[in-house]
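# Residue-level structural notes
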Amino acid sequence: MITFDIVTIFPKIFKEYFNTSILGRARENGLIEIKVHDLRDFTEDKHNTVDDRPFGGGPGMVLKVGPIFKALKTIEKKEESHKVLLTPKGKQFNQKKANKLSKKKRITLIAGRYEAFDARVNQFVNEKISIGPYVLTGGELPAMIIVDAVCRLIPNVIEKESLKEETYSLNNKESKKKIEYPQYTRPEVFKYKDAKGNMHEMKVPKILLSGNHKKIKEWKEKNAH
Ligand SMILES: C[S@@+](CC[C@H](N)C(=O)[O-])C[C@H]1O[C@@H](n2cnc3c(N)ncnc32)[C@H](O)[C@@H]1O
C-alpha cells in the first residue's frame, strides 16, 4: 500500500485519470491511495491567494511559500511523507527512480503553476523531480506521470509476469536501456492499400506462430534491444 498526496491549485484535473482502468482498480482494491489537496485550502487571506509578484521584478507570478508549508504540515500531521517538488529544474525522472519511489510508504507531489515557486519551498522538500527537459504549464501532468509509473510497480497492481520483460524492466540487469521485444496479435496477415492504390501485406513473424517455445524465447531475446 502506498499513499500519494498531490498539492495543486487545479484539483479537478485528476479525477478521471485516477479513476480509470488499472489505477482505478488499484484504488478500489486498496492497493494505492491518492489524495488531491487544493493549495487554496491552505491560504490565510479571504481571497485565498496562492501567488504574488516576484521580488526584484520579472515576469509572471510566484507561488507563495506559506500555503505550501501549511499544506505539507497538514499532510504530515500523522506520518512523514517523502516530499517531491515538481520542477523542470529537478533531476530527470526514469524507471530507476520510479522503482525507488515505489518502496516509499507515502509520497507528496507538489505541482507548481505560473512562473516559479518561492525558492524557500526548496527547504521543505526531499527532492526535486523533472519529468523531462521541457517546460509544461503546470506540475499536474508530471504528478500523474509519476503516480502512474510508480503504481504499476506496487505488488498486485499489475501481474508480476507483465512487468518482468517490459521495456526498462528492472529484472533485466544486462542493459539499462533494453526495450521490449515487438508483439503481434490477430490478424496473421494485415492487408492495406497505400495512397497510390497499391496493395501491401504485413505478416506476423512465422516463428511466433510455430508453437516452438524455445525458438520463440530465442527470437524474443534477439529482438529486444
Ligand atoms: C511554467 S512552469 C515554470 C517553469 C519555470 N519558469 C522554469 O523556467 O523552470 C510551471 C510549473 O510546471 C511544472 N513543470 C513544468 N515543466 C515541468 C517538468 N518538465 N517537470 C516537472 N514539472 C514541470 C512545475 O511544477 C513548474 O513550477
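Here the structure is a predicted model, which is why all the values come from computation and not from measurement. (Residues numbered from 1 in each chain as written. Predicted model: local features only at pLDDT ≥ 70, side-chain atom pairs only at ≥ 80, totals over all residues. Heavy atoms only, no water.)

### Remarks on a positive patch on the surface
A cluster of basic residues, Lys91, Lys96, Lys100 and Lys104, forms a positive patch at the surface. Checked against the element boundaries, Lys100 lands in helix α4 (residues 95-101). (Patch = residues over 30% accessible without salt bridge, like charges linked within 9 Å, V, L, I, M, F, W, Y side chains within 5 Å. Areas by Shrake-Rupley, 256 points an atom, 1.4 Å probe, with all protein chains shown as cover. Salt bridge = Lys/Arg side-chain N within 4 Å of Asp/Glu carboxyl O. Lys, Arg positive; Asp, Glu negative; His and termini not counted. Charge placed at Lys NZ, Arg CZ, Asp CG, Glu CD. Helix = DSSP H or I, 4+ residues; strand = E, 2+ residues; numbered from the N terminus.)

### Examining the sheet that holds strand β8 (residues 127-130)
The strand order across the open sheet formed by five strands is β2-β1-β6-β5-β8, and the pairing between neighbours is parallel. Each having just a single partner strand, β2 (32-38) and β8 make up the two edges of the open sheet. Taking the axes of each pair of neighbouring strands and ignoring which way they run, one obtains an average angle of 30° across the sheet. The sheet contacts of helix α5 (residues 140-151) involve β1 (2-8), β2, β5 (82-92), β6 (106-110) and β8, and relative to β1 the element is tilted by about 175°. (Pairing = 2+ DSSP bridges. Axes fitted to C-alpha atoms, helices over the stretch in contact; angles between N-to-C directions. Contact = heavy atoms within 4.5 Å.)

### Observations concerning the site of the ligand
Residues in close proximity to the ligand total 20 residues, the closest being Leu86, Gly112, Glu115, Tyr134 and Leu136. Between a nitrogen atom of the ligand and a main-chain N or O atom of Leu136, the distance comes to 2.9 Å. Within the backbone of Gly139, a nitrogen or oxygen atom sits 3.5 Å from an oxygen atom of the ligand. Surface burial for the ligand is 86%, taken as the share of its 590 Å² of free accessible area covered by protein chains. Elements represented by at least two residues in the shell around the ligand include exactly β5 and β8. At four residues, β5 tops the list of elements feeding residues into the shell around the ligand. Looking at the shell around the ligand residue by residue, the classes come out as 10 nonpolar, seven polar and three charged. (Near = heavy atom within 4 Å. Polar contact = N/O pair within 3.5 Å; in protein donor to acceptor, adjacent residues only side chain to side chain. Nonpolar A, V, L, I, M, F, W, Y, C, P; charged D, E, K, R; others polar.)

### Quick look at helix α3 (residues 65-75)
By the burial criterion, the buried members of α3 are Val65, Pro67, Ile68, Ala71, Leu72 and Ile75. Looking at the buried positions of α3, the neighbouring elements they touch are β1, β2, β4 (62-63), β5, β6 and β7 (116-117). (Buried < 20%, exposed > 50% of the residue type's maximum accessible area, 1.4 Å probe, protein only.)

### Observations regarding the packing of aromatic side chains
Inspection of the entire model under this criterion finds four aromatic pairs. Summarising the aromatic geometry, the rings of Tyr17 and Phe18 are spaced 6.1 Å apart at their centres and angled 65° between planes, so their arrangement reads as edge-to-face. Residue classification places Tyr17 among the partly exposed residues on the basis of a relative accessible area of 40%. Ring pairing ties together the aromatic residues Phe14, Tyr17 and Phe18, which thus form one cluster. (Phe/Tyr/Trp six-rings, centres within 6.5 Å; stacked < 30°, edge-to-face > 60°.)

### Overview of the domain arrangement of the chain
The extent of an interface is frequently quoted as the accessible surface area lost upon association of the parts. Along its sequence, the chain is carved into domain 1 (2-158) and domain 2 (167-223). Using C-alpha coordinates to define each centre, domain 1 is positioned 38 Å away from domain 2. (Domains from an automatic or database assignment.)

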